[in-house]
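Coordinate analysis (summary)
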Amino acid sequence: MFKSVSAILSLTLLFLISACGSAQTPGEPASAPAAQPPAASAATKTIKHAMGTAEIKGTPKRIVTLEWVYAEDLLALGVQPTGVADIAGYKRNFSIQPQLAAETVDVGTRQESNLEAIAGLKPDLIITSANRAKQNYEQLKKIAPTIVFDSYPAEGAGDQYTEMETTFKTIADLTGKTSEADKVLGDLQKTYADSKEKLKAANKEGAEFVLTQAYSNQNAAQLRLFTDNSMAVQILQRAGMKNAFKSSKFESFGFTTGSVELLPSVQNANFLYIVQPEDNVFEKQLKDNAVWKGLNFVKENRSYMLPGTTWIFGGPLSAQVFVQLATKAIAK
């Protein structure tokens, strides 16, 4: 009996010594890892944007874009947007791949989005632009976290091309597609290098150009001539070309609007123009115009029409298409 009690006391003493020698709690491994923040906290990102901040929880899956360029950004990353403003207009102006999925929902115009349609999609992220969001930002952020980008930095506040790249990378980070973004931007840099080589081979290295997007306004030819701060000009400059048109003032949207009278000062450059086939002002309103007919680039056949689907306000895929078309035109 004494031996049994002694044995029990010995076992109890060993247990107590063992317990005192370890801070380990029941179920914890012998070497516990450092404490980690709660998963929900780690997955939440605070994004500062043009009109405030937004808290993004997790990886957004249902994304609505209210400006075409952000739909393009998502597609470039392999993400299909759930809703897009003015899908018909997007398809009319963009010639990039991949295309929008058939099930993507149209949520109204870019100027006036359909808030009920957006809410009905139950998005977990809305992406819009500063010049559109002024009228509905407060309503949008009640539906879902809303990020506002400004594609047109003010004078001294950066340039449109850098803004495009920064926005693209931000969207890639939010959607967990940073490696995809790196590849897209890397491919774009290769395209610039290829364009430089093609121009050099055609003895057009450093070629001067002027770029216009033209249309009719009350049956008169209206021309947008793009300035150095525009993304379109910056794209062509990265391929080694030089913009011949200079504006006397800062143009916030990156172009000066005027008539054919703007062209004589740049007539020695290569003339790149974008028109819609049904509204080709150079074949209609300006066909017999004396100023137009007297321009050197007209007489010397250095005016080049780019397709109406050449979108020069887009993201990296549009930039790639645009520089390829411009290079092909000038280097031929």
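Basis of the calculations
Residues numbered from 1 in each chain as written. Predicted model: local features only at pLDDT ≥ 70, side-chain atom pairs only at ≥ 80, totals over all residues. Heavy atoms only, no water. Helix = DSSP H or I, 4+ residues; strand = E, 2+ residues; numbered from the N terminus. Buried < 20%, exposed > 50% of the residue type's maximum accessible area, 1.4 Å probe, protein only. Contact = heavy atoms within 4.5 Å. Areas by Shrake-Rupley, 256 points an atom, 1.4 Å probe, with all protein chains shown as cover. Pairing = 2+ DSSP bridges. 1 Å grid on protein atoms, 1.4 Å probe; cavity = no way out; pocket = protein on both sides within 12 Å on 5 of 7 lines; lining within 4 Å. Points joined across faces, edges and corners; volume = space filled by probe spheres on them. Nonpolar A, V, L, I, M, F, W, Y, C, P; charged D, E, K, R; others polar. Expected span 1.5 Å × (residues − 1). Phe/Tyr/Trp six-rings, centres within 6.5 Å; stacked < 30°, edge-to-face > 60°.

1. Description of the overall build of the protein chain
Helices and strands together make up the secondary structure of the protein chain, namely 13 helices and 13 strands. Sorting the 332 residues of the protein chain into buried and exposed places 44% on the buried side. Of all intrachain contacts in the protein chain linking residues separated by at least 6 positions in sequence, the fraction that spans at least 24 positions is 64%. When the accessible surface of the protein chain is summed, it comes to about 17400 Å², and 53% of that surface belongs to carbon and sulfur atoms.

2. Describing the pairing of strand β7 (residues 146-149)
Across a regular strand the side chains alternate sides, sitting on one face of the sheet and then on the other. Across the two faces of β7 the burial is the same, with Thr 146 and Val 148 and Ile 147 and Phe 149 all buried. Sheet topology places strand β6 (residues 125-129) next to β7; 4 bridges connect them, and they run parallel. Note on β7: the bridge partner recorded for Ser 129 is Phe 149.

3. Focus on unusual backbone geometry
With an omega of 0°, the peptide bond running from Gln 97 to Pro 98 counts as cis. Considering the arrangement of structural elements, one finds Pro 98 in the loop between α4 (87-93) and β5 (105-106). For Gln 218, which is not glycine, the phi torsion reads 55° and is therefore positive. You will see that Asn 301, though not glycine, has its phi angle at about 55°, which is positive. Locating Asn 301 in the fold gives a position in the loop between α12 (296-299) and β13 (303-306). For Asn 301, a relative accessible area of 63% puts it in the exposed group.

4. Side note on the layout of surface pockets
Its volume calculated, the largest pocket comes out at about 720 Å³. Around the largest pocket, the lining comprises 37 residues; the ones closest to its centre are Arg 110, Gln 213, Arg 224, Trp 311 and Phe 313. Secondary-structure elements contributing two or more residues to the lining of the largest pocket are α3 (68-76), α6 (130-133), α8 (160-174), β8 (208-217), β9 (220-226) and α10 (231-237). Of all the elements, α8 adds the most residues to the lining of the largest pocket, at 5 residues. A class-by-class count of the residues in the lining of the largest pocket yields 18 nonpolar, 11 polar and 8 charged.

5. Notes on helix α9 (residues 178-201)
Under the 1.5 Å per step criterion, the end-to-end length of α9 is 35 Å for 24 residues, consistent within 8% with the ideal 34 Å. Every buried residue belonging to α9 is among Ala 181, Val 184, Leu 185, Leu 188, Thr 191, Tyr 192, Ser 195 and Leu 199, and all of these are buried. In the segment just after α9, Asn 203 is the residue with positive phi, at about 60°.

6. Comments concerning empty space enclosed by the protein
Tallying each qualifying case throughout the model produces 1 cavity of 30 Å³ or more. One number sums up the size of the largest cavity: a volume of about 40 Å³. In this structure, the largest cavity is lined by Phe 94, Ser 95, Ile 96, Thr 309, Thr 310, Trp 311, Ser 318, Val 321 and Phe 322. Each residue belonging to the lining of the largest cavity can be placed in one class, and the counts come to 5 nonpolar, 4 polar and no charged.

7. Overview of the pairing of β8
Judged from the 2 bridges that link them, β8 and strand β10 (residues 242-243) form a sheet pairing that is parallel. Across the sheet, Phe 209 pairs through a bridge with Asn 243, a residue of β10. As defined by bridge partners, β8 adjoins β9 across 6 bridges and the pair is classed as antiparallel. Following the sheet pairing, Tyr 215 is matched in β9 by Gln 222. Where β8 hands over to β9, the hairpin turn is made up of 2 residues, of which Gln 218 adopts a positive phi near 55°.

8. Some points on the packing of aromatic side chains
On inspection of all chains with the given rule, the structure shows 17 aromatic pairs. Centre to centre, the rings of Phe 226 and Phe 255 are 5.6 Å apart; their planes meet at 65°, and the pair counts as edge-to-face. Pair noted here: Phe 226 is in strand β9 and Phe 255 is in strand β11 (residues 255-258), with a separation of 29 residues, a long-range link. A relative accessible area of 14% means that Phe 255 is categorised as buried. Judged by centre distance (4.5 Å) and plane angle (0°), the ring pair of Phe 271 and Phe 297 falls under stacked. Of this pair, Phe 271 sits in strand β12 (residues 270-274) while Phe 297 sits in helix α12, and the two are 26 residues apart along the sequence. Residue class for Phe 271 comes out buried when judged on its relative accessible area of 0%.

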